[in-house]
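# Overview (structure and organization)
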Amino acid sequence: MTQPFIKLENITKKFPGVVALNNVSLDLFQGEIHGLIGENGAGKSTFIKILTGVHTPEKGKLILKGNPIKIENTKHAIDLEIGCIYQELNNIPQLSVTDNIFLGCQLKKRSGLLDYETMHKKARELLKDLGQDIDPTLPIEKLGMGHQQMVEIVKAITKDIKLLIMDEPTSSLSETEVNELVKAVRKLKSRGVGILFVSHKLEEIFELCDKVTVFRDGQHVITGPVTDFTNDLLIHNMVGREITQQFPKIEFKKGEEILRVENFTRYGVYQKINFSLSRGEILGFSGLVGAGRTELIRGIFGADPIDEGKLYLNGKEENIYSPEVAVRNRFALLTEDRKTQGLVLGASILSNLIITCLWKFKKGLFLDDSKIGKAVDHNIKSLQIKTPGPDTLAEQLSGGNQQKVVVGKWLNSDAEIYIFDEPTRGIDVGAKVEVYNLMNKILEQGKAIIMISSELTEILGMSDRVLVMRNGSITAEIKRGNKQFNQEDIMHASWDDSAI
Amino acid sequence: MKNMNGKNIDYKEVLSKLGPLLALVLVSIALSLGTEQFMTVGNITNIMRQASINSLIAAGMMMVILTGGIDLSVGSITAFAACVMGVMIKNGIMNPVLLIAAGFGSGTFVGYINGILLTKLRLPHPFISTIGTRNIFRGLALLITAASPISGFPKAVQYPGTGDIVFGIPVSFIIVIVMYLGIHIFLNKTALGRHIYAVGGNKEAARLSGLNVNKILVIVYAICGFMCAFAALVMVGRLNTAFPLAGSTSDMDAIASCIIGGVSFLGGKGTIWGTLIGSLLITVLRNGLNLIGASADMQLVVIGLVIIVAVYVDVLRARAEAKSKRLAAKR
């Protein structure tokens, strides 16, 4: 067998609280398309970032064509002929295709001025080599996503990349664009470029890849020729996360329906979503990142406009066209990103806790400071927020305590429908349990919870019912206690259109 | 400064926050030692009078900056509101109540338009929309007055600009104090006031918390227009004339007062008292430089330097704060 282009040996990378990669070894060859799959949080992104020099591993060796190396940064990775096309394309939309391709390595005339004639010509040729007829003088923003991706590939070719990493390249492409991309990738392969193809779509893995590797919880599970695998076998290898954590789940008696959503559609984002939510229940939304879950609940909350659909609250149709109206109708949204959407970081805990409910503290025209003080002290005690005092700034708290402030702010608003988007992201285990206990408290009061989570264990641990989304549609509904209420079947629904 | 818990007052922090006040006191002491005229009743009264117009405009500007915005049209709004009153007396309407109401009405209305441009037309930044309205309102002021000043206001209208109360304290400065107290209470003790801080601190979080951010922004720009109208009233009273070209440097003076007073340009941070100190500092400097016979050119240079130093001190303070936070986290 030929020498691998790059060999990764026993790579370990830790972040505070998690081991992102644990003793992972993998060989990548030139002229080979290597698929990489795994659940959210399996360590794929960290793996890519180690190859591109964004992260340095704590332990382990990287061996490039037989020589041990250390990748210092992205620039160094490119010098070593390792390139990456990220999901979010790194181009400058206003500049022309040519400008983007030759950014940083422009061709110049003798006079020192840029030689556009030659650059355009070269760009056109390179694109043609990939079977693309794109006008290189166009600004890149005028191109479709598929063509933009082709330009990224050409950019990599001009830098003599030998290993090209593609992070979910097809996630925003149409079917024809995907076919074009597949052709282009095969051409690269025939020229001896190695490709690491990270995808959420099993069909593409089977169509395109020579080998496939599965990661799970930061560990390398299996690598082998694609022909050795089936859909079921891949999914089976992806699941199997052990439930190490205890979930303080209490099952409450379900009350009457509080929310019903009919035909919710935002073109190109999610379509024809129907579900209902009862008092006393946690409805979990599972699915891959980018399946449209966050977008859907933003639509329900009025944060983004929807194109079609109806919403019923307690059986009555309501038009929730803005977050203000949502809050008035007793919705609460605990956003996925606390820092940019949940908190006013530079303001005190007190200000954050009362932002949703200042009307409660009005005494005539003015606010009653002593009443606010008492309410906030009560919040801090009952939520067990660890802070020197109510005047501490939100930015000074730990992640878990910040999340408690966000929960507290909504508890104060007297909301009835709580939407938790990734409720325990980035907080430690102890704080997680406290957040789950708060959820139980909410249900106990006859309220209801929608919970989006990318952690399957959390979905299984806390939900009464799970809806699985894939590509903007609901692909499965599974009740707690049902035979399918397990990791494997949920994974099937989120990875594989044909499964359920 | 009192701490809400009544404990743990950090004197260093208090001192650094009182920086502008300290500067004001030091400059005043230096000027009273250096010149004989500075510490006279007449001059102090004069300073109060001079400071009042800018202070009123700066108060409106302060709330706008608090939301993370800016209003470059304040000078034009002031001139426009004054000219509306001027045109009325030219046409024989001398009823002071009507005149004052028209002044406030026109100022508030054009401020409201600024807010609507920002929120309804979704222009990308108020810097752009208010550069537009800055020209429009100034043009309108010139248009309705045929570009010539109008004099002859009734006594009652002149009173806010010219009147004195006990000890020679000018009415205009009393107005400033009352309005600042009112704004202080508004910003700290009412729901809307708190919401303004929240919108400035994190617009998206505020929106997702159910606040009607657009409504709040429109109100703030309208209040800014209202404060400009107040400044216009004091201005026409003081000069007994409505000048269509008045207030051409008001925008920058108002912004400078806010910055010197520690209002964050990113929004969400700042106090109305800081703004008052900033405004007074600028006025005292101008007055003092006049007294020692410095030229107008020199005054520009000095005021410019003060702005830069003030912001730099603020940057240093923020850095020291961040460092002590890091140290505290390490422990």
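Residues numbered from 1 in each chain as written. Chains lettered and ligands numbered in written order. Predicted model: local features only at pLDDT ≥ 70, side-chain atom pairs only at ≥ 80, totals over all residues.

Along chain B, the regular secondary structure elements total 14 helices and 2 strands. The C-alpha atoms of chain B give a radius of gyration of 20 Å, which matches the 20 Å a tight globule of 331 residues would have. With respect to the three principal axes, the spread of C-alpha positions in chain B is 75 × 55 × 35 Å. Per-residue burial for chain B yields a buried fraction of 47% across its 331 residues. Taking the intrachain contacts of chain B between residues at least 6 apart in sequence as the baseline, contacts between residues at least 24 apart amount to 78%. (Helix = DSSP H or I, 4+ residues; strand = E, 2+ residues; numbered from the N terminus. Rg over C-alpha atoms; globule rule 2.2 N^0.38 Å. Buried ≥ 20, exposed ≤ 12 C-beta atoms within 10 Å, placed from the backbone. Contact = placed C-beta atoms within 7 Å.)

Let us now look at the overall build of chain A. Helix and strand counts for chain A stand at 17 helices and 22 strands. Against the 2.2 N^0.38 benchmark of 23 Å for 500 residues, chain A shows a C-alpha radius of gyration of 25 Å, consistent with a compact globule. For chain A, the spread of C-alpha atoms along the three principal axes comes to 80 × 55 × 45 Å. Classification of the 500 residues of chain A by burial places 47% in the buried group. Counting only contacts in chain A whose residues sit at least 6 apart along the sequence, the fraction spanning at least 24 positions is 70%.

Our next topic: the sheet that holds strand 22 (residues 473–479) of chain A. Residues and elements named next belong to chain A. Taken together, 6 strands build an open sheet; the order of strands is 16-19-20-13-21-22 and the sheet is mixed. The sheet is open, and its two borders are formed by strand 16 (331–334) and strand 22, each paired with just one other strand. Strand-to-strand, the axes of this sheet are offset by a mean angle of 20°, without reference to chain direction. Pairing of strand 13 (residues 282–287) with strand 21 (residues 465–470) involves 5 bridges; the strand directions are parallel. (Pairing = 2+ DSSP bridges. Axes fitted to C-alpha atoms, helices over the stretch in contact; angles between N-to-C directions.)

This part takes up the interface of chain A and chain B. Taken together, the contact pairs 28 residues of chain A with 22 residues of chain B. Elements represented by at least two residues in the side of chain A that touches chain B include exactly helix 10 (323–328), helix 11 (338–342) and strand 18 (366–367) of chain A. It is helix 10 of chain A that contributes the most residues to the side of chain A that touches chain B, 4 residues altogether. Residue composition of the side of chain A that touches chain B, by class: 15 nonpolar, 9 polar and 4 charged. (Nonpolar A, V, L, I, M, F, W, Y, C, P; charged D, E, K, R; others polar.)

Our next topic: the environment of D421 of chain A. Residues and elements named next belong to chain A. Position of D421 relative to the elements: it lies in strand 19 (residues 417–421). With 23 C-beta atoms counted inside 10 Å, the residue D421 sits in the buried group. Counting along the chain gives 136 residues from D421 to F285, while the straight-line C-alpha distance between them is 9.2 Å.

What follows is about helix 17 (residues 487–495) of chain A. Residues spaced three or four apart along an α-helix point in a common direction, a consequence of the helix completing one turn every 3.6 residues. Residues and elements named next belong to chain A. Helix 17 sits mainly inside the fold: 7 of its 9 residues count as buried. Among the residues making up helix 17, those that are buried are D489, I490, M491, H492, A493, S494 and W495. The elements touched by buried residues of helix 17 are helix 7 (202–208), helix 8 (231–238), strand 13, helix 16 (456–462), strand 21 and strand 22.

Turning our attention to the sheet that holds strand 3 (residues 33–38) of chain A. All names here are of chain A. A sheet is described by the order of its strands in space; here 6 strands give the open sequence 6-7-8-3-9-10, paired in mixed fashion. Pairing within the sheet leaves two strands with one partner each, and these edge strands are strand 6 (82–85) and strand 10 (219–225). Strand after strand, the sheet turns through a mean of 20° between neighbouring axes, direction not considered. As defined by bridge partners, strand 9 (residues 211–216) adjoins strand 10 across 6 bridges and the pair is classed as antiparallel. Bridge pairing in strand 10 links T213 to T223. Each of strand 3, strand 6, strand 7 (163–167), strand 8 (194–198) and strand 9 is contacted by helix 1 (residues 44–51), which is oriented at about 150° to strand 7, the strand it contacts most. In this fold helix 6 (residues 175–190) packs onto strand 3, strand 7 and strand 8, with an angle of close to 145° to the strand it touches most, strand 8.

Moving on to the nonpolar core. Ranked by internal contacts, the top residues of the largest apolar core, which has 231 residues, are I419 of chain A together with M61 of chain B. In terms of residue count, helix 11 (residues 213–239) of chain B provides more of this core than any other element does, 20 residues in total. Excluding its chain neighbours within four sequence positions, the residues that come into contact with M61 of chain B are D71, V74, C224, A254, I255 and C258 of chain B. (Core = buried A, V, L, I, M, F, W, Y, C linked by C-beta atoms within 7 Å.)

Take unusual backbone geometry next. Of note, the phi angle at E81 of chain A is positive, near 70°, even though the residue is not glycine. As for its placement among the helices and strands, E81 of chain A is situated in the loop between helix 2 (74–79) and strand 6. Overall, E81 of chain A belongs to the buried group, with 20 C-beta atoms counted inside 10 Å. Of note, A147 of chain B is a non-glycine position whose phi angle comes to about 65°, a positive value. With respect to the secondary-structure elements, A147 of chain B resides in the loop between helix 6 (126–144) and strand 1 (150–151). Of the residues examined, A147 of chain B has 10 C-beta atoms within 10 Å and is grouped as exposed.

Let us now look at the pairing of strand 22 of chain A. All names here are of chain A. In terms of strand pairing, strand 21 meets strand 22 through 6 bridges, oriented antiparallel. Note on strand 22: the bridge partner recorded for V468 is A476. Linking two consecutive strands that pair antiparallel, namely strand 21 and strand 22, is a turn of 2 residues; a positive phi of about 45° is found at N471 within it.

Now for helix 4 (residues 116–129) of chain A. All names here are of chain A. Here helix 4 spans 20 Å end to end across 14 residues, near enough to the 20 Å set by a 1.5 Å rise per residue. Residues M119, A123, L126 and L127 constitute the buried set of helix 4. The buried residues of helix 4 occupy an angular sector of 95° when projected down its axis, which confines them to one face. Exposed side chains of helix 4 directed beyond 90 degrees from the buried face belong to E117, E125 and K128. Residues of helix 4 that are buried sit in contact with helix 3 (97–101) and helix 5 (145–158). (Expected span 1.5 Å × (residues − 1). Arc of directions from axis to C-beta.)

Attention shifts here to the environment of I307 of chain B. Residues and elements named next belong to chain B. Structurally, the position occupied by I307 is in helix 14 (residues 296–330). For the pair I307 and I260, spaced 47 residues apart in the sequence, the C-alpha separation amounts to 6.0 Å. Residues contacting I307, with those up to four places away along its chain left out, are A256, I259 and I260.

Residue and element names in this part refer to chain B. On average, residues of chain B carry a pLDDT of 88, and 93% of them reach 70 or more. The least confident element of chain B is helix 1 (residues 11–17), whose mean pLDDT is 59; the most confident is helix 4 (residues 74–90), at 96. Of the regions scoring below 50 in pLDDT, residues 1–8 engages in 5 contacts with residues more than four places distant in sequence or in other chains. With pTM at 0.78, the complex prediction returns an ipTM value of 0.74. (pLDDT = per-residue confidence, 0-100.)

All names here are of chain B. Put simply, helix 3 (residues 41–66) and helix 12 (residues 250–260) touch, their axes get as near as 8 Å, and they point 65° apart. In this view, helix 3 runs roughly perpendicular relative to helix 12, as classed from their interaxial angle. Along this stretch, helix 3 crosses helix 12, giving a crossing that reads as right-handed. Touching N54, I57, A58, M61, M62 and I65 of helix 3 are S250, D253, A254, I255, S257 and C258, all from helix 12. (Parallel < 35°, antiparallel > 145°, perpendicular 65-115°, else oblique. Left-handed = near helix turned anticlockwise from the far one by under 90°.)

Looking now at the environment of G200 of chain B. Residue and element names in this part refer to chain B. Summarising the element assignment, G200 is placed in helix 9 (residues 191–201). Under the C-beta neighbour-count criterion, G200 is labelled buried, with 28 such atoms within 10 Å. Note: C-alpha distance between G200 and K269 (69 residues apart in sequence) is 7.7 Å.

With that settled, the discussion passes to the packing of helix 2 (residues 19–34) of chain B against helix 13 (residues 272–291) of chain B. Packed helix pairs are specified by the crossing angle of their axes together with the interaxial distance, meaning the distance between the axes. All names here are of chain B. Remark: helix 2 packs on helix 13, axes separated minimally by 9 Å, with the N-to-C direction vectors making an angle of 20°. With respect to their mutual orientation, helix 2 and helix 13 come out roughly parallel. At the point where helix 2 passes helix 13, the crossing takes the left-handed sense. The segment helix 2 lies against helix 13, with P20, L21, A23, L24, V27, S28 and L31 engaging G274, I277, G278, L280, L281, V284, L285 and G288.

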